[in-house]
Amino acid sequence: MQAILLVGGFGTRLRPLTLTTPKQMLPVLDRPMLEYAVSGLAGHGVDRVVLALGYHDAAFRAAYPGGRCAGVELCCVVEPEPLDTAGAIRFAYEASGMGDSPGTFLVANGDVITDLDVGEMLHLHRSAGAEATIHLIEVDDPSRYGVVVTDRDGRVREFVEKPQPPAPSNWINAGTYLMDPAVIGRIDGGRRVSVEREVFPTMVEDRTLWALCHNTYWLDVGTPKAYLQAQLDLLDGRRGPAVAGVSAEASVDAGALIERSVVMAGAVVGEGSVVRGSAVHEGAVIEAGATVLDSVVGSGATVGRGARVTDGTLIGERFEVAPGTALSDARVPQGV
Ligand code: GDD
Ligand code: MG
């Protein structure tokens, strides 16, 4: 099966990290976020992935010059301008020649990490004779997602993107779809079209949209909190055996305290510093006596002596936090 991964968004909620690196190329533990999505699909019979690119497309090409990722053939297509989710699907479908071997294909939001069983979804898609089938997950707060109401048999009755409360259901669009080529015919070419706001609602009216409710490991890594969560879940063993967070190629002083954190290759953590619940990217430096709590230190950035970086702070690539500074829930450089 072929898949389209939507990876052309601006990643605004993860600025300033995404000013220099597109969201799906940000590291999660020891590899880009993208590789978790691709290897998840590869494990379920996907053998060709089309990356629907836009913002910072060169970063993807540079990372996979051989056109392969996690054992799968990668095809890169770049929209001339952002076409939104459905526009991107149509553009990727046509530009990559997917129509040459028509059949059901998969589409996924590139910032979703999940253990979804695509085979189960395909079974429902085929037995229902669906035009498209979407994966749903149950969450406590559905307001920042696409909210979906289904019949008992799985046919979608309502799809509302980011509704005002109260939401009609706690089941949300988890961002993985199976689609038949007929869906492409619903999408106008050459303009922005949202799959969530335009295409799915018309399919609901035509009664051709189905959904698989399946609570499995799932995370949309689009916010600072979720980006840290993705890494801590690996350390905590929430996705298979727990893994170590401190790279063998990092340099950590014996007098530093590192708890439940990721410290990537080439990072340096100095004496008396404390790093907890955080991610320290490649080549970042945490100087002596500094404290980093629940925050992300971008690659090559420096947290100066005695500085305190806490509560969801994001420090951009190569930024230098002056010694003694206190940052809480901050984005630096500022104004981004
Ligand atoms: N190629 C391309 N072009 N990709 C795009 C564009 C575009 O114009 N706009 C967004 N994307 C990509 C993003 O990079 C991301 O991987 C994916 O499409 C979804 O965009 P987000 O910006 O992450 O959307 P969201 O998280 O607010 O909401 C979406 O995901 C939720 C689940 O994670 C929606 O699909 C919701 O309905 C869903 O519940
Ligand atoms: Mg998202």
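Check the entry above for the structure.
## What about the site of ligand 1?
Phase 1: Near ligand 1 there are 27 residues, and of these L6, E79, N173, E196 and D220 occur at the shortest range.
Phase 2: Contacts to ligand 1 include K23, whose side-chain N or O atom sits 3.4 Å from an oxygen atom.
Phase 3: At a separation of 2.9 Å, a nitrogen atom of ligand 1 approaches a polar backbone atom of A52.
Phase 4: Elements supplying a minimum of two residues to the shell around ligand 1: α4 (84-95), β12 (171-179) and β14 (218-220).
Phase 5: Counting residues per element, the shell around ligand 1 draws most heavily on α4, at 3 residues.
Phase 6: Here the shell around ligand 1 is built from residues that sort into 10 nonpolar, 8 polar and 9 charged.

## What about unusual backbone geometry?
Phase 1: The residue after R15, namely P16, is reached through a cis peptide bond having omega 10 degrees.
Phase 2: Tracing the sequence through the fold places P16 in the loop between β1 (2-6) and α1 (17-20).
Phase 3: Residue P166 is bonded to the preceding P165 through a cis peptide linkage, with omega at 0 degrees.
Phase 4: Within the secondary structure, P166 is located in the loop between β11 (156-161) and β12.
Phase 5: We note that D294 has phi near 50 degrees; this positive angle belongs to a residue other than glycine.

## Quick look at the coordination of the magnesium ion (ligand 2)
Phase 1: The protein atoms that coordinate the magnesium ion (ligand 2) are D111 (OD) and D220 (OD), at distances of 2.1 to 2.5 Å. One end of the pair, D111, is in the loop between β7 (105-109) and β8 (112-114); the other, D220, is in strand β14, and 109 residues separate them in sequence.
Phase 2: According to the relative accessible area criterion, D220 is buried, its value standing at 13%.

## Overview of the sheet that holds strand β20 (residues 279-280)
Phase 1: Taking strand neighbours across the sheet as the criterion, the 5 strands line up as β17-β20-β23-β26-β29 in an open arrangement whose pairing is parallel. If you trace the sheet from one side to the other, it starts and ends with β17 (262-263) and β29 (331-332), each paired once.
Phase 2: Where β17 and β20 come together, 2 bridges link them in parallel fashion. Looking at β20, one finds that V263 is bridged to V280.

## A word on the side chain of T291
Phase 1: Take T291: it is sitting in strand β22 (residues 291-293).
Phase 2: Looking at T291, the relative accessible area reads 13%, which means it is buried.
Phase 3: Among residues more than four places away in sequence, those in contact with T291 are V274, A307, R308 and V309.

## Regarding the pairing of strand β4 (residues 48-53)
Phase 1: For β4, the buried fraction is high: 6 of the 6 residues fall into the buried class.
Phase 2: Alternating positions in β4 separate into two faces, R48, V50 and A52 on one and V49, L51 and L53 on the other, with burial throughout.
Phase 3: Sheet topology note: the β1/β4 ladder contains 5 bridges and is parallel. Each residue of the ladder has a partner; that of L6, found in β4, is A52.
Phase 4: Pairing geometry for β4 and strand β6 (residues 72-78), over 6 bridges, is parallel. The residue of β6 that forms the bridge with R48 is E73.

## Here we look at the environment of T223
Phase 1: Looking at the element boundaries, T223 is found in the loop between β14 and α7 (224-235).
Phase 2: In contact with T223, other than residues within four places in its own chain, are R13, L14 and R144.

## Side note on the packing of aromatic side chains
Phase 1: By the definition in use, this model includes 5 aromatic pairs.
Phase 2: Relative to W218, the ring of Y145 lies with its centre 5.7 Å away and its plane at 65 degrees, an arrangement referred to as edge-to-face. Pair noted here: Y145 is in the loop between β9 (132-138) and β10 (146-150) and W218 is in strand β14, with a separation of 73 residues, a long-range link. Pair check on accessibility: Y145 and W218 agree, each one buried.
Phase 3: Members of the aromatic cluster, each reached through a chain of ring pairs, are F159, Y177 and F200.

Cut-offs applied
Residues numbered from 1 in each chain as written. Chains lettered and ligands numbered in written order. Predicted model: local features only at pLDDT ≥ 70, side-chain atom pairs only at ≥ 80, totals over all residues. Heavy atoms only, no water. Near = heavy atom within 4 Å. Polar contact = N/O pair within 3.5 Å; in protein donor to acceptor, adjacent residues only side chain to side chain. Helix = DSSP H or I, 4+ residues; strand = E, 2+ residues; numbered from the N terminus. Nonpolar A, V, L, I, M, F, W, Y, C, P; charged D, E, K, R; others polar. Donors = N, O, S within 2.8 Å, 3.2 Å for Na, K, Ca; no water. Buried < 20%, exposed > 50% of the residue type's maximum accessible area, 1.4 Å probe, protein only. Pairing = 2+ DSSP bridges. Contact = heavy atoms within 4.5 Å. Phe/Tyr/Trp six-rings, centres within 6.5 Å; stacked < 30°, edge-to-face > 60°.

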